[in-house]
Amino acid sequence: MTSGRQVTFFTIYKWSFYGLLCLLLATSCSVNKANRVKDYHSAKPFPYYTTVVLTGKTPDYDRSDLVTQLNDQVDDSLKTRLVTTWFIFRTLKKPPVFDSLNIGRSRRFLTAKLHSLGYFNPVITDTFSIDTVHNKKRGDQQRVTTKFFVNPGKVMRLDSIGFALETPALQAMAQRTAKESLLKKGAAYSDQNVNSELDRLLGMFRDSGYYRFSKEHLYAERDTVVAALIDPTLDPFEQLQLLDSLKKKRENPTINVTIRQRPVKDSAQIDKYYFGDLKVYTDLSLLTDTLEAAEFDSTTIQGYEFFYSSDRFKLPFIASNIRLRPGSLYSQRRYYRVINTFNQLGAWQNVDFSLQERRDSVPLLDGVLRLYPAMKHSLNVDFETSRNVSDFLTQGSYFGLGLNFRLLNRNAYREAIQTSTNARFGIEIGSSQLVQTLQASLSHNIYFPKVILPKFLLDWFPRKTDGNERTIARRTALNLAAGYTDRRDFFRAPSVNTAWSYEWTRRRTRASDPDNVANRWTKSYTLTPFNFEYTNLHKTDSLIKLEQQIPAYRFAFNDGMIISTIFSITAGRQSDQDKRFTLMRARIEESGALFGFIKNLELGDLRRFVKIDGEIKHYINRRRSSWAFRAFGGFSLIYGKTDTADGKIVKEYNLPFFKAFFAGGPYSMRAWQVRRLGPGSSTIYDEYDSTKVDRFGNMQLEFNAEYRFNLTTIAGIKVNSALFVDIGNIWSKEFRNGEPVPEASFKLGRLYKDLAVGAGTSLRLDFEFFMIRLDWAYKIKNPHYASMRDGWFQHIDLTSGQLQLGIGYPF
């Protein structure tokens, strides 16, 4: 008999990964310089490499980001644009002829950019050299290397900020909101902050009825000179004091900014306007002329004049979403809210809202709202490569393939109610056998564009506007779903799910203070007061055998009924000119608190627990690289009981398998296969076939960090990489021979021993609309060997890593 090593699907991927990663890492060493030049003029020099070198201190700006901004200011004729060919060659094609005059232009551009950032006394020097590279076939290359050395000097800081507006009402508003100004004393000066302050004032004025007021009517006066020095009436002693003040300004330069109003040429620009008559065309086609009013029926509802040619929309529903009362003061924010509301409803493909001035006893704005309906129904068929992270039933260390059918109705019941019917058929490919999981599901979702609650409860619901925050979207959702999962060698599980939920998003009215984190958050909430799930589990002999060996399986793998209430919040913050992004998510689910008092349910399939989890993600983006961090924590309290087959009533101590926490796989602890880590530092699961025994827990902690960077572009496909580290584990309550296993349960004193650490690198092919990711990770600290140097660096060699195939970013 001849024995040999089996070559699997993932073995081929692993060695392909080795070769391709080494090849691409070799090319990344010269990522900024060309290693081939084509179609050049042999008799004339050409730009080969141009860069900006930043010297001096820049405490107010990220140095790498500042270098990127300065490099962008270099004249285009000095920039080198490289093309990747044959995977490894970075080619410079048709370089322009070098002209030293462009160096002077670049210096002016760099100076202007530094001035806009508050550096008014920069020192910029430059050097260039010409190197001759001999080439007998195509002629010698005269390569020009140009370097700009930039010392920005000291940044100018804001000393005083004032308002001097000619119109008293505008001046009073500016003074009243001075604390909300984006210009703060002591902060670094920048043109962008000054423009943002002008935008803030303009938005406030236009929200207060000043329809004709524009940004051109405002300007910022900057003063950096001690003007009193030229006053001839000053005595010598006062001049000495001012000279001393000027010396201090040079050491710590400051600038005064005063917001002023240009002279009023037209009195209409400072008139307050009010909303007048409003006409609404509900169902226009793009070729319809609204002047042909005879083709439409008309009626008046809630003070609005409606014109319509069909009954596809309920007019009171449209009127309730306008919320602009004739005679009310003009507000730019309310004007755009009407447009955004009808765009978000989804029943119209285009929304146009025009205003026409009219003089009466007061200035009026008559409006015409034109609504162009979208196609009512649409059918989409998608072939997808899937990432399954919703629950245990669809989890896997697999590369999923699915076929989705989606039927969308954008205007059900004539009130822009959206219904979506989805059918999905999928398979998941595993490492031990090709088809690991079969799955089919059918769901129907109904989204009502309003909050459906009794009136006495509606008052408790978040209002449209509350202080500086406002709700920008509110809807009610009804979800109905059924699914069937065949996990080969383990179980077959038909399931049903229905839920009634409320969704709303809140955002600040205006970001008035950039230093106040709360001003920059957008928060999305979901409240599901009723969620029902039922899973009917059909076990295979393999699973039954495992249950006899692993006591925890007897309670986790059973029919499961969930009657729960769920509340979740997601908050996102964008800052530093979109360079940093923070995302926070928290979720709490309670099942069986009320229905558990029904004895037949409590002792039957009902699962009683409270499950809490949350995560924080933080991203720092740069031009060619980024940092990504994630922290996740989850905890559950199980307090249900169940009636066993022999008539005993026992307390449950683990979550049902489809609600449990798990670790490992392409989106968690990547040095371990999915559900092959933990619980804790116990070895109870390692006594069995580790390739088939799933591990799950009641608690999880995890921290992930990645340094992501670009490698190259091949045929329009971005090839990127990353270095990453994963830290974490899961914990649960386990028993061996009737005795608890302490290493499986969470204890703060054992946390260091229980934590697993994995690290590795990644190869990522970004096709814009999706990404294929190959991660290679090693078990740096393995809790399985906690008794040996706490598990550090055990059984590691070149081929002992774990390959993960994933779709999209891991987090």
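Up top is the structure these notes are about.
Residues numbered from 1 in each chain as written. Predicted model: local features only at pLDDT ≥ 70, side-chain atom pairs only at ≥ 80, totals over all residues. Heavy atoms only, no water.

Student: Describe the overall build of the protein chain, with residues and values.
Tutor: The number of helices and strands found in the protein chain is 13 helices and 36 strands. Residue burial in the protein chain is summarised as follows: out of 811 residues, 46% are buried. (Helix = DSSP H or I, 4+ residues; strand = E, 2+ residues; numbered from the N terminus. Buried < 20%, exposed > 50% of the residue type's maximum accessible area, 1.4 Å probe, protein only.)

Student: Give a description of the nonpolar core that names residues and reports values.
Tutor: Core analysis: the largest hydrophobic core is formed by 30 residues, its most contacted members being Val280, Ile318, Ile322, Phe342, Trp348, Phe353 and Leu369. Breaking this core down by element, the ones donating at least two residues are strand S10 (274-281), strand S12 (304-308), helix H7 (315-320), helix H8 (332-345), strand S13 (348-359) and strand S14 (363-373). Non-local contacts of phenylalanine 353, meaning those with residues more than four positions away in its chain, are made with Leu278, Leu324, Tyr335, Val338, Ile339, Gly367, Val368 and Leu369. Counting residues in each nonpolar core, the second largest holds 24 residues, with Leu543, Leu546, Tyr553 and Phe632 among its members. (Core = buried A, V, L, I, M, F, W, Y, C linked by side-chain atoms within 4.5 Å. Contact = heavy atoms within 4.5 Å.)

Student: Tell me about the packing of helix H2 (residues 63-73) against helix H3 (residues 101-116), and name the residues and values.
Tutor: Contact geometry for H2 and H3: axes closest at 8 Å, N-to-C directions at 140 degrees. Accordingly, the angle class assigned to the pair H2 and H3 is oblique. Our pair here, H2 against H3, has a crossing hand that is right-handed. When H2 is examined against H3, the residues Gln69, Leu70 and Gln73 are found in contact with a partner set consisting of Phe109, Leu110, Lys113 and Leu114. (Axes fitted to C-alpha atoms, helices over the stretch in contact; angles between N-to-C directions. Parallel < 35°, antiparallel > 145°, perpendicular 65-115°, else oblique. Left-handed = near helix turned anticlockwise from the far one by under 90°.)

Student: So what about the pairing of S10? Which residues, and what values?
Tutor: Bridge count for S10 against S14 is six bridges, and the pairing is parallel. Bridging across to S14, tyrosine 274 finds its partner in leucine 364. As paired strands, S10 and S12 are joined by three bridges and run parallel to one another. Of the residues in S12, the one forming a bridge with valine 280 is phenylalanine 306. (Pairing = 2+ DSSP bridges.)

Student: Can you break down the sheet that holds strand S5 (residues 123-133) residue by residue, with the values?
Tutor: With mixed pairing, the three strands of this open sheet are ordered in space as S2-S6-S5. At either end of the open sheet lies a strand with only one pairing partner, and these are strand S2 (46-54) and S5. Strand-to-strand twist of the sheet, defined as the mean angle between neighbouring strand axes without regard to direction, takes the value 15 degrees. Relative to strand S6 (residues 141-151), S5 runs antiparallel, the two being bridged by eleven bridges. Note that in S6 the partner of phenylalanine 128 across the bridge is threonine 146.

Student: How would you explain a nonpolar patch on the surface if you had to name every residue and give the values?
Tutor: Taken together, the side chains of Leu379, Val381, Leu403, Phe405, Leu407 and Phe425 make up a nonpolar region of the molecular surface, amounting to roughly 540 Å² of accessible area. Counting residues per element, the nonpolar patch draws most heavily on strand S16 (residues 399-412), which supplies three residues. For leucine 379, the position within the fold is in strand S15 (residues 377-386). By relative accessible area, which is 58% here, leucine 379 ends up exposed. (Patch = residues over 30% accessible without salt bridge, like charges linked within 9 Å, V, L, I, M, F, W, Y side chains within 5 Å. Areas by Shrake-Rupley, 256 points an atom, 1.4 Å probe, with all protein chains shown as cover. Salt bridge = Lys/Arg side-chain N within 4 Å of Asp/Glu carboxyl O.)

Student: Which residues make up the side chain of asparagine 720, and what values do they have?
Tutor: If you trace the backbone, asparagine 720 turns up in strand S31 (residues 717-731). When neighbours within four sequence positions are excluded, asparagine 720 is seen to be in contact with Phe709, Asn710, Leu711, Ser762, Leu763, Arg764 and Asp766.

Student: Run through H8, naming residues and quoting values.
Tutor: The end-to-end C-alpha distance of H8 is 20 Å, a good match for the 20 Å that 14 residues give at a rise of 1.5 Å each. Here H8 has its buried residues at Tyr335, Arg337, Val338, Ile339, Thr341, Phe342 and Leu345. Downstream of H8 by one or two residues, glycine 346 has phi in the positive range, about 85 degrees. (Expected span 1.5 Å × (residues − 1).)

Purely spatial values, then, with no claim about function.
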